Amino acid sequence: AQSVTQLDSHVSVSEGTPVLLRCNYSSSYSPSLFWYVQHPNKGLQLLLKYTSAATLVKGINGFEAEFKKSETSFHLTKPSAHMSDAAEYFCVVSSSGGYNKLIFGAGTRLAVHP
Amino acid sequence: NAGVTQTPKFQVLKTGQSMTLQCAQDMNHNSMYWYRQDPGMGLRLIYYSASEGTTDKGEVPNGYNVSRLNKREFSLRLESAAPSQTSVYFCASSEDLWADGNQPQHFGDGTRLSIL
């Protein structure tokens, strides 16, 4: 069975400093992995996805994530945080067997300070 | 480009009342989903519809029913609301359910439901 663990419930950074949001996954199959972002009172927006092509995946708004099979990790990074990045971020794994059922992590709330 | 539209955005109910949450998508997607979001728990799947005319239970279906009215619309009904159903409800859609797990789901802005 698939599962996702987001290692930090809250992350706080200063504007202009790097962002690291950590995610570990468990999967019996080669997983598809996603990062979604949720701004206050909004739905979830896809940031990026990994589907067994390149292990370094670039997404929108300068975010990227690296799939590391040996570490079962899919951490989200951004070189320089912007105030508009403050939001909740979800790491998501797709269930196995070609079935588009998503399993969500508990979320990481990112705060960005001036 | 509307994407996934949910109505209402907010609702307060009393215990025992019934309510239907509406969802419509304009992307010609085959599959639609209902989730609930509770603090510290991410999103949990309530029901999904692989295609028009089919519905199936997700992880937390108790207390809910759904109707896939047509390809565009997928509604969620609470027959007798309970305080434990206070949550934020999200509708989502994707091109297909069976797609090697690499198709993203597109989400509406949510319905914030409080049950007193």
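Use the structure listed above.
Because the structure is a prediction, the values reported are computed rather than measured.

**Points about the overall build of chain A**
And step 1. Counting its regular elements, chain A contains zero helices and twelve strands.
And step 2. If you list the helices and strands of chain A from N to C, you get β-β-β-β-β-β-β-β-β-β-β-β.
And step 3. A compact globule built from 114 residues would reach a C-alpha radius of gyration of about 13 Å, and chain A, at 13 Å, matches this within 12%.
And step 4. Projected onto the principal axes, the alpha-carbon positions of chain A cover approximately 45 × 30 × 20 Å.
And step 5. The contacts of chain A with a sequence gap of at least 6 include a subset with a gap of at least 24, amounting to 56%.
And step 6. Here chain A has roughly 5,300 Å² of accessible surface; of this, 51% comes from carbon and sulfur atoms.
And step 7. Both charge centroids of chain A, one from 9 positive and one from 7 negative side chains, sit 8 Å from each other.

**Details of the pairing of strand β9 (residues 87-94) of chain B**
Residue and element names in this part refer to chain B.
And step 1. Of all eight residues making up β9, eight are buried, and the element is well covered by its neighbours.
And step 2. Along β9, one buried face is formed by S87, Y89, C91 and S93 and the opposite face, lined by V88, F90, A92 and S94, is buried too.
And step 3. Relative to β9, strand β4 (residues 31-37) runs antiparallel, the two sharing seven bridges. Note on β9: the bridge partner recorded for Y35 is F90.
And step 4. Here β9 runs beside strand β11 (residues 111-115); their pairing, made up of three bridges, is antiparallel. Each residue of the ladder has a partner; that of V88, found in β11, is R112.
And step 5. Where β9 meets strand β10 (residues 106-107), two bridges bridge the pair, whose relative direction is antiparallel. Its bridge partner being in β10, A92 is matched across the sheet by F107.

**Focus: the environment of V11(A)**
Residue and element names in this part refer to chain A.
And step 1. Of note, V11 is situated in strand β2 (residues 10-14).
And step 2. Along the sequence, V11 and L21 sit ten residues apart, while their C-alpha atoms lie 7.6 Å from each other.
And step 3. If we skip the residues at most four places from it in the chain, V11 touches L20, L21, T108, R109, L110 and A111.

**Quick notes on the packing of aromatic side chains**
And step 1. Within the structure shown, the criterion is met by 13 aromatic pairs over all chains.
And step 2. For the ring pair Y50(A) and F67(A), a centre distance of 4.1 Å and an interplane angle of 15 degrees mean the geometry is stacked. Of this pair, Y50(A) sits in strand β6 (residues 44-50) while F67(A) is found in strand β8 (residues 64-68), placing the two residues 17 residues apart along the sequence. Like F67(A), Y50(A) is buried.
And step 3. Relative to F107(B), the ring of F104(A) lies with its centre 6.2 Å away and its plane at 80 degrees, an arrangement referred to as edge-to-face. Note that F104(A) is positioned in strand β11 (residues 102-104) and F107(B) in strand β10, a pairing that runs across two chains.

**Notes on the sheet that holds strand β7 (residues 64-68) of chain B**
Residue and element names in this part refer to chain B.
And step 1. Judged by pairing direction, the sheet is antiparallel, and its four strands sit side by side in the order β1-β3-β8-β7 without closing on themselves. Every other strand in the sheet has two partners, leaving β1 (4-7) and β7 as the edge strands with one partner each. Taking the axes of each pair of neighbouring strands and ignoring which way they run, one obtains an average angle of 20 degrees across the sheet.
And step 2. Of the strand pairs in this sheet, β7 and strand β8 (residues 74-78) are connected by five bridges, and their pairing is antiparallel. Paired with N65 across the bridge in β8 is R77.

**What to know about the state of the cysteines**
And step 1. Evaluated as defined, the whole model comprises two disulfides over all chains.
And step 2. Residue pairing for C23(A): its cysteine sulfur links by disulfide to C91(A), the two sulfurs lying 2.0 Å apart. Every disulfide takes its handedness from the sign of the S-S torsion; for C23(A) and C91(A) that torsion is -70 degrees, giving left-handed. Taken together, the positions of C23(A) in strand β4 (residues 23-26) and C91(A) in strand β10 (residues 87-94) put the pair 68 residues apart, joining distant regions of the chain.
And step 3. Relative accessible area serves as the criterion here: at 0%, C91(A) is assigned to the buried category.
And step 4. Shown here is the disulfide that connects C23(B) with C91(B), its sulfur atoms set 1.9 Å apart. Where C23(B) bonds to C91(B) through sulfur, the torsion about that S-S bond is close to -75 degrees, and the disulfide is left-handed. Of this pair, C23(B) sits in strand β3 (residues 19-25) while C91(B) is found in strand β9, placing the two residues 68 residues apart along the sequence. When sorted by exposure, C23(B) lands in the same class as C91(B), which is buried.

Criteria and cut-off values
Residues numbered from 1 in each chain as written. Chains lettered and ligands numbered in written order. Predicted model: local features only at pLDDT ≥ 70, side-chain atom pairs only at ≥ 80, totals over all residues. Heavy atoms only, no water. Helix = DSSP H or I, 4+ residues; strand = E, 2+ residues; numbered from the N terminus. Rg over C-alpha atoms; globule rule 2.2 N^0.38 Å. Contact = heavy atoms within 4.5 Å. Areas by Shrake-Rupley, 256 points an atom, 1.4 Å probe, with all protein chains shown as cover. Lys, Arg positive; Asp, Glu negative; His and termini not counted. Charge placed at Lys NZ, Arg CZ, Asp CG, Glu CD. Buried < 20%, exposed > 50% of the residue type's maximum accessible area, 1.4 Å probe, protein only. Pairing = 2+ DSSP bridges. Phe/Tyr/Trp six-rings, centres within 6.5 Å; stacked < 30°, edge-to-face > 60°. Axes fitted to C-alpha atoms, helices over the stretch in contact; angles between N-to-C directions. Disulfide = S-S within 2.5 Å.

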